[in-house]
Amino acid sequence: MKNDKGADGKGRALPGAKPVDTRPKLTFEEQRILDISKYAGDIYYSERYSDDEFEYRHVSMPDGLRRYLPAPPRIMEEIEWRSLGVQQSAGWEHYMVHVPEPHVLLFKRAKNTPQIKYPFRLR
(Lines give C-alpha, C1' and ligand atoms only; values in the text may rest on other atoms or scores of the structure.)
Protein backbone atom coordinates (compact mmCIF):
# COMPACT_ATOMS: atom_id res chain seq x y z
CA MET A 1 0.00 0.00 0.00
CA LYS A 2 1.31 3.45 -0.96
CA ASN A 3 2.08 5.89 1.84
CA ASP A 4 0.75 9.30 0.67
CA LYS A 5 1.81 11.08 3.85
CA GLY A 6 5.53 11.25 3.08
CA ALA A 7 8.65 9.37 4.04
CA ASP A 8 8.03 9.63 7.80
CA GLY A 9 4.29 8.94 7.62
CA LYS A 10 3.45 12.53 8.61
CA GLY A 11 4.05 14.31 5.31
CA ARG A 12 7.66 15.24 6.09
CA ALA A 13 10.77 14.02 4.34
CA LEU A 14 13.35 12.20 6.40
CA PRO A 15 16.44 14.28 7.25
CA GLY A 16 18.99 14.15 4.43
CA ALA A 17 16.48 12.70 1.94
CA LYS A 18 16.52 14.13 -1.57
CA PRO A 19 13.24 15.59 -2.83
CA VAL A 20 11.40 13.44 -5.33
CA ASP A 21 10.76 15.00 -8.74
CA THR A 22 7.09 14.35 -9.43
CA ARG A 23 7.01 16.12 -12.79
CA PRO A 24 6.21 13.79 -15.70
CA LYS A 25 9.23 12.75 -17.74
CA LEU A 26 9.46 14.25 -21.22
CA THR A 27 9.65 11.97 -24.21
CA PHE A 28 12.81 12.10 -26.31
CA GLU A 29 10.95 14.09 -28.98
CA GLU A 30 9.53 16.59 -26.45
CA GLN A 31 13.02 17.12 -25.00
CA ARG A 32 14.46 17.52 -28.51
CA ILE A 33 11.93 20.24 -29.34
CA LEU A 34 12.69 22.09 -26.09
CA ASP A 35 16.45 21.81 -26.67
CA ILE A 36 16.20 23.07 -30.25
CA SER A 37 14.24 26.13 -29.16
CA LYS A 38 16.71 26.70 -26.32
CA TYR A 39 19.95 26.30 -28.32
CA ALA A 40 18.99 27.39 -31.87
CA GLY A 41 20.44 30.84 -31.22
CA ASP A 42 23.80 29.24 -30.38
CA ILE A 43 24.20 27.56 -33.78
CA TYR A 44 27.28 29.07 -35.46
CA TYR A 45 27.13 29.84 -39.20
CA SER A 46 30.44 30.54 -40.94
CA GLU A 47 30.89 33.13 -43.61
CA ARG A 48 30.49 31.79 -47.14
CA TYR A 49 33.55 30.85 -49.14
CA SER A 50 33.67 29.61 -52.73
CA ASP A 51 35.52 28.09 -55.65
CA ASP A 52 34.63 28.34 -59.35
CA GLU A 53 31.59 26.07 -59.05
CA PHE A 54 30.22 26.14 -55.49
CA GLU A 55 29.88 28.31 -52.45
CA TYR A 56 30.43 26.66 -49.09
CA ARG A 57 29.81 27.26 -45.43
CA HIS A 58 30.06 25.26 -42.28
CA VAL A 59 27.61 25.20 -39.41
CA SER A 60 28.70 24.27 -35.91
CA MET A 61 26.09 22.74 -33.64
CA PRO A 62 26.20 23.75 -29.94
CA ASP A 63 26.79 21.16 -27.22
CA GLY A 64 23.09 21.11 -26.29
CA LEU A 65 22.10 19.85 -29.75
CA ARG A 66 24.93 17.44 -30.54
CA ARG A 67 23.10 14.47 -29.02
CA TYR A 68 20.48 14.76 -31.80
CA LEU A 69 22.98 14.37 -34.65
CA PRO A 70 22.98 11.00 -36.42
CA ALA A 71 25.21 8.33 -34.92
CA PRO A 72 27.24 7.15 -36.64
CA PRO A 73 27.79 10.44 -38.48
CA ARG A 74 26.35 10.60 -42.00
CA ILE A 75 25.14 13.06 -44.63
CA MET A 76 21.72 14.41 -43.64
CA GLU A 77 18.79 15.21 -45.86
CA GLU A 78 17.52 18.80 -45.82
CA ILE A 79 14.48 17.89 -43.70
CA GLU A 80 16.81 16.42 -41.06
CA TRP A 81 19.19 19.34 -40.64
CA ARG A 82 16.37 21.86 -40.77
CA SER A 83 14.55 19.90 -38.05
CA LEU A 84 17.64 20.41 -35.84
CA GLY A 85 17.21 24.18 -36.00
CA VAL A 86 19.62 24.94 -38.86
CA GLN A 87 18.22 27.87 -40.88
CA GLN A 88 19.62 28.71 -44.29
CA SER A 89 18.23 29.96 -47.55
CA ALA A 90 17.24 27.46 -50.23
CA GLY A 91 19.72 25.36 -52.17
CA TRP A 92 22.18 24.30 -49.46
CA GLU A 93 23.21 20.64 -49.37
CA HIS A 94 24.91 18.84 -46.48
CA TYR A 95 27.67 17.26 -48.54
CA MET A 96 30.40 16.02 -46.23
CA VAL A 97 30.99 14.64 -42.74
CA HIS A 98 34.27 15.46 -41.04
CA VAL A 99 34.39 12.50 -38.64
CA PRO A 100 36.72 14.09 -36.05
CA GLU A 101 34.18 16.94 -35.70
CA PRO A 102 30.73 15.50 -36.52
CA HIS A 103 29.08 18.55 -34.90
CA VAL A 104 30.43 20.71 -37.76
CA LEU A 105 28.07 20.35 -40.72
CA LEU A 106 29.63 21.10 -44.11
CA PHE A 107 27.32 22.62 -46.74
CA LYS A 108 27.62 23.59 -50.38
CA ARG A 109 25.40 24.97 -53.12
CA ALA A 110 25.87 25.94 -56.75
CA LYS A 111 27.14 29.49 -57.22
CA ASN A 112 24.22 30.38 -59.49
CA THR A 113 21.55 29.46 -56.91
CA PRO A 114 19.02 32.30 -56.49
CA GLN A 115 19.18 33.97 -53.07
CA ILE A 116 15.63 33.09 -51.98
CA LYS A 117 14.65 32.74 -48.34
CA TYR A 118 13.33 29.33 -47.40
CA PRO A 119 9.51 29.45 -47.65
CA PHE A 120 8.67 27.86 -44.30
CA ARG A 121 10.07 26.94 -40.91
CA LEU A 122 10.12 23.43 -39.53
CA ARG A 123 9.39 22.78 -35.90
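Residues numbered from 1 in each chain as written. Predicted model: local features only at pLDDT ≥ 70, side-chain atom pairs only at ≥ 80, totals over all residues. Heavy atoms only, no water.

Glancing now at the side chain of Arg57. Structurally, Arg57 is set in strand S3 (residues 54–60). With no salt bridge to any partner, buried Arg57 finds its closest opposite charge in Glu47, at an N-O distance of 6.3 Å. Separated by 3.1 Å, the side chain of Arg57 and the backbone oxygen of Ser46 make a polar contact. Setting aside residues up to four positions removed in sequence, Arg57 forms contacts with Tyr45, Ser46, Glu47, Arg48, Tyr49, Gln88, Trp92, Leu105, Leu106 and Phe107. (Helix = DSSP H or I, 4+ residues; strand = E, 2+ residues; numbered from the N terminus. Buried < 20%, exposed > 50% of the residue type's maximum accessible area, 1.4 Å probe, protein only. Lys, Arg positive; Asp, Glu negative; His and termini not counted. Salt bridge = Lys/Arg side-chain N within 4 Å of Asp/Glu carboxyl O. Polar contact = N/O pair within 3.5 Å; in protein donor to acceptor, adjacent residues only side chain to side chain. Contact = heavy atoms within 4.5 Å.)

Right, let's get into the nonpolar core. In this structure, Val59, Met61, Val86, Leu105 and Phe107 are the most contacted members of the largest nonpolar core, which totals 14 residues. Beyond its immediate stretch of four places on either side in the chain, Met61 contacts Ile43, Arg66, Leu69, Leu84, Val86, His103 and Leu105. (Core = buried A, V, L, I, M, F, W, Y, C linked by side-chain atoms within 4.5 Å.)

Let us look at the pattern of salt bridges. Scanning the model with the defined rule gives five salt bridges in all. Residue Arg109 is joined to Glu55 by a salt bridge in which the shortest nitrogen-to-oxygen separation is 2.7 Å. Placement of Arg109 in strand S5 (residues 104–110) and of Glu55 in strand S3 is noted, with a sequence separation of 54 residues between them. Residues Arg109 and Glu55 agree in their burial class; the two are buried.

Our next topic: unusual backbone geometry. For the bond running from Ala71 to Pro72, omega is 0°, close enough to zero to count as cis. Note that Pro72 resides in the loop between helix H2 (63–66) and helix H3 (78–83).

Under the counting rule described, the total for this entry stands at five aromatic pairs. Arranged with centres 6.2 Å apart and planes meeting at 55°, the rings of Phe54 and Tyr56 form a pair that is tilted. Across the pair, exposure class does not vary: Phe54 and Tyr56 are buried alike. Relative to Phe107, the ring of Trp81 has its centre 4.8 Å away and its plane inclined at 70°; by these criteria the two rings are edge-to-face. Of the two residues, Trp81 sits in helix H3 while Phe107 sits in strand S5, which places them 26 residues apart along the sequence. (Phe/Tyr/Trp six-rings, centres within 6.5 Å; stacked < 30°, edge-to-face > 60°.)

Tracing the chain through its elements places Ser89 in the loop between H3 and strand S4 (93–97). Within polar-contact distance, the side chain of Ser89 engages the side chain of Arg109 at 3.1 Å.

Let us now look at the pairing of S3. Consecutive side chains of a regular strand alternate in pointing toward one face of the sheet and then the other. Across the seven residues that make up S3, a large majority, six, are buried. Two elements, strand S1 (residues 44–45) and S3, share two bridges in a ladder whose sense is antiparallel. What sits directly across from Tyr44, in S3, is Ser60. The sheet contact formed by strand S2 (residues 49–50) and S3 spans two bridges and is antiparallel. Note that in S3 the partner of Tyr49 across the bridge is Tyr56. Between the antiparallel neighbours S2 and S3 lie three residues. (Pairing = 2+ DSSP bridges.)

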